[in-house]
There are 2 protein chains.
Amino acid sequence: MLEQSFMQQAVIAARRGSGHTWTNPLVGAVFVKHGKILSVGYHHRYGQRHAEIDALAQLQRPQQAQGATLYVTLEPCSHFGKTPPCADRLIEVGVGRVVIGQRDPNPLVAGRGISKLRAAGIPVSVLDSTTALNPAYNFYYQHHRPQVTVKYAMSLDGKVNQAEAQRTYLTGAAAMADSQQLRRQQQAILIGERTLTIDHPRLTIRDAITDEPVPIRMVVLHDIEHIDTSQPLFKAPGPIWLLTTHPATCQLPEQVRVFTRTTWSPAAITALCYQQGIQALLVEGGSHLQAAFVRDDLADQLVIYLSPLLIGGAGLPAVYAPDWPSPKRAYIPPVTTLLGNDVKLTTRRQRKCSQE
Amino acid sequence: MLEQSFMQQAVIAARRGSGHTWTNPLVGAVFVKHGKILSVGYHHRYGQRHAEIDALAQLQRPQQAQGATLYVTLEPCSHFGKTPPCADRLIEVGVGRVVIGQRDPNPLVAGRGISKLRAAGIPVSVLDSTTALNPAYNFYYQHHRPQVTVKYAMSLDGKVNQAEAQRTYLTGAAAMADSQQLRRQQQAILIGERTLTIDHPRLTIRDAITDEPVPIRMVVLHDIEHIDTSQPLFKAPGPIWLLTTHPATCQLPEQVRVFTRTTWSPAAITALCYQQGIQALLVEGGSHLQAAFVRDDLADQLVIYLSPLLIGGAGLPAVYAPDWPSPKRAYIPPVTTLLGNDVKLTTRRQRKCSQE
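First, a word on what this report is: a plain description of the structure on this page. Since this is a predicted model, take the numbers as computed values, not measurements. (Residues numbered from 1 in each chain as written. Chains lettered and ligands numbered in written order. Predicted model: local features only at pLDDT ≥ 70, side-chain atom pairs only at ≥ 80, totals over all residues. Heavy atoms only, no water.)

**Details of the sheet that holds strand S10 (residues 256-260) of chain A**
Residues and elements named next belong to chain A.
And step 1. Taken in spatial order, the nine strands make up an open sheet running S10-S9-S8-S7-S11-S6-S12-S16-S15, and their pairing is mixed. With partners counted over all chains shown, the strands left at the sheet margins are S10 and strand S15 (335-339), one partner each. When strand polarity is set aside, the average angle formed by the axes of neighbouring strands in this sheet is 20°.
And step 2. Two strands pair when backbone bridges link them, and S15 and strand S16 (residues 342-348) are joined in this way by five bridges, in the antiparallel orientation. Each bridged residue has a counterpart across the sheet, and for Thr-337 the counterpart in S16 is Lys-344.
And step 3. Packing against the sheet, helix H6 (residues 173-184) makes contact with strand S6 (147-155), strand S7 (188-192), strand S11 (280-283), strand S12 (301-307), S15 and S16, and its axis sits at approximately 165° to S12.
And step 4. Lying over the sheet, helix H10 (residues 287-295) contacts S6, S7, strand S8 (216-220) and S11, oriented at roughly 135° with respect to S6. (Pairing = 2+ DSSP bridges. Helix = DSSP H or I, 4+ residues; strand = E, 2+ residues; numbered from the N terminus. Axes fitted to C-alpha atoms, helices over the stretch in contact; angles between N-to-C directions. Contact = heavy atoms within 4.5 Å.)

Laid out in structure tokens, this is it:
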């Protein structure tokens, strides 16, 4: 019980780094001696010191760590990255015991941190209680692709707009604000070409804090030659990746990177994300792109904003591709939240899917 | 406070008649003297005695009613129907005072019961606190048509099946049981021709109690000549109304009534229901029929069972008519209930609709 409570303090500390640590995970650490917390640390930002080292720095004297128990949400690293290996430093200061929230799935660590500590005679326990802290990080190393969240707003009859090729505002301010928070949790946001040309989105975080990392904005494009760079997307700062079939001959803004392939299937897109270290990908439409991710079993999570409207006949369904087969994909019972007048539904794919 | 508490007892009594009183409303009555309840009565079943008379019958001696206060959820009737006027009987027994939950909107009463009592020198108060007891009854007399509930089950992407002309089972046992309760609250259930031929529904109440009135099952049909009366619909007992364009020349089962018109618009259907005393109509599909009710502003209430599935591309949307214009119809924020794995959404039309 006490062990879980110290670990919980480390989890709370870890969350303070939210949105700033990618491609690193959130990590928190707490030094405890004689049942009392000596110091608390966390990984503040990518490239800066790790949680264990931050917690060491918070001690009045580094010698206090000697014989203390370290509670850390993730296995200490064993390799030279942007900083020297934490495991070496913990051995050096003479930590008495290390309690770890979860093993690091990153193949650069993957148990080597634990082995190093144990080899130095330091007892190590693994609680397996902190995996929910970095779901996308864990997913990424387990599945070798980003965790994909498909998001859409729809009416009570499953429509995204009143007619094809027409933008319809469905949800209220609370749902809009919530969807900004959702973007914050991603490293990349993906849309299709028609969503770009019809909706003219910026795909930014509206109320972004200064210095906050912004997700990469990705667009699957067939026609890069005729792209209209006067669109709002290109006016907002932050990286833009265009996934297209051939290199652009036209001049593109500096923030734009172009990736070319014969076709961009969902699998090809997630493979690119994997290569580029993107752990959390948000797919924001349109209907055909959503349908492709569903068809190819790559819609891991769903966030649906249900607007209390009926659109009726001619609106475009949220997920649409009339020529594709429609297998059923089973999700877990959704969590519902009322946001203003809208209902938010959050769910994830069932591990075992019912295929009838 | 005490008045509301006696009225609440009358409301509780009234609900005991649920499902058995149509075309009459639910009514409950309580006799009170010196702050104590003397008797409680309710309208048990259409054709049987009214709540006030039932409460009188529960007294040890009818003389007890003399000088007592009657709490009754609905204005006492003033006309000869299946039973003599209740107002007359209350005057006869010498009731001291009458507290009424709501005026009776039925034009046969509409204040005449109150006038009769007052003319006889009996003080009458109207609390206006029981209108929620008979929403469809009130709606029917206010709008001169039934209250229409559109019901559908759909996937998380708004589909009713995996492909057109194919029945797909979406919801679990709890949602199925709930939809049986929903049918119980209706006097008629309406479907379209394609729903009949594709889904082969019975439209009955699965676990019906012996002697329980069953809703009239209505089908809008274009082709009455080729109707297949071996369908499950015709095997289950209870009235069936076929709304079609010309009289049938073929032999139809005894339980079937045929209504003919050049076309059956939602307005024509609700007009027929009004003539026939149907106060609550449930529209159970298909997509085109639902769309017609939405388009014509006749979808007063929605009950949606949301199944945690994604169907993807080729499924048929819950409400569908690609050639019709799609105005937005605003509903109030839905009430959500988790039923097994499914989410039930219940909402009703906003009085003022946002027409953009």
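From this point on, the discussion continues.
**Some remarks on the pairing of strand S1 (residues 28-33) of chain A**
Residue and element names in this part refer to chain A.
And step 1. Summarising burial for S1: five of the six residues are buried, a large majority.
And step 2. In this antiparallel pair of consecutive strands, S1 and strand S2 (residues 36-42), the connection spans two residues, and His-34 shows a positive phi of 50°.
And step 3. The pairing of S1 with strand S3 (residues 69-72) spans four bridges and is classified as antiparallel. In the strand pairing of S3, Val-30 is matched with Tyr-71. (Buried < 20%, exposed > 50% of the residue type's maximum accessible area, 1.4 Å probe, protein only.)

**Brief notes about the packing of aromatic side chains**
And step 1. Enumeration over the complete set of coordinates arrives at ten aromatic pairs over all chains.
And step 2. For the ring pair Trp-241 of chain A and Phe-259 of chain A, a centre distance of 4.8 Å and an interplane angle of 50° mean the geometry is tilted. Linking Trp-241 of chain A in strand S9 (residues 240-244) with Phe-259 of chain A in strand S10, this pair joins segments that are 18 residues apart in sequence.
And step 3. Their ring planes at 45° and their centres at 5.2 Å tell us that Phe-6 of chain B and Tyr-71 of chain B sit as a pair that is tilted. Of this pair, Phe-6 of chain B sits in helix H1 (residues 2-15) while Tyr-71 of chain B sits in strand S3 (residues 69-72); the two residues are 65 residues apart in sequence, bridging distant segments of the chain.
And step 4. What links up through ring pairs into an aromatic cluster is the set Tyr-137, Tyr-140, Tyr-141 and Tyr-274 of chain A. (Phe/Tyr/Trp six-rings, centres within 6.5 Å; stacked < 30°, edge-to-face > 60°.)

**Notes on the interface of chain B and chain A**
And step 1. Across the boundary between the two partners, chain B contributes 44 residues, which contact 43 residues of chain A.
And step 2. Across the side of chain B that touches chain A, the residue classes tally to 28 nonpolar, eleven polar and five charged.
And step 3. Relative to strand S14 (residues 329-330) of chain B, strand S13 (residues 309-310) of chain A runs antiparallel, the two being bridged by two bridges. Counterpart to Leu-310 of chain A in the pairing with S14 of chain B is Arg-329 of chain B. (Nonpolar A, V, L, I, M, F, W, Y, C, P; charged D, E, K, R; others polar.)

**Some points on the packing of helix H9 (residues 266-275) of chain A against H10 of chain A**
All names here are of chain A.
And step 1. Taken N-terminus to C-terminus, the directions of H9 and H10 make an angle of 85°; their axes are 9 Å apart at the nearest point. Accordingly, the angle class assigned to the pair H9 and H10 is roughly perpendicular. In this structure, H9 contributes Pro-266, Ile-269 and Thr-270 to the contact, and H10 contributes Ala-292, Phe-293 and Arg-295.
And step 2. Across the contact of H9 with H10, the residue classes tally to four nonpolar, one polar and one charged. (Parallel < 35°, antiparallel > 145°, perpendicular 65-115°, else oblique.)

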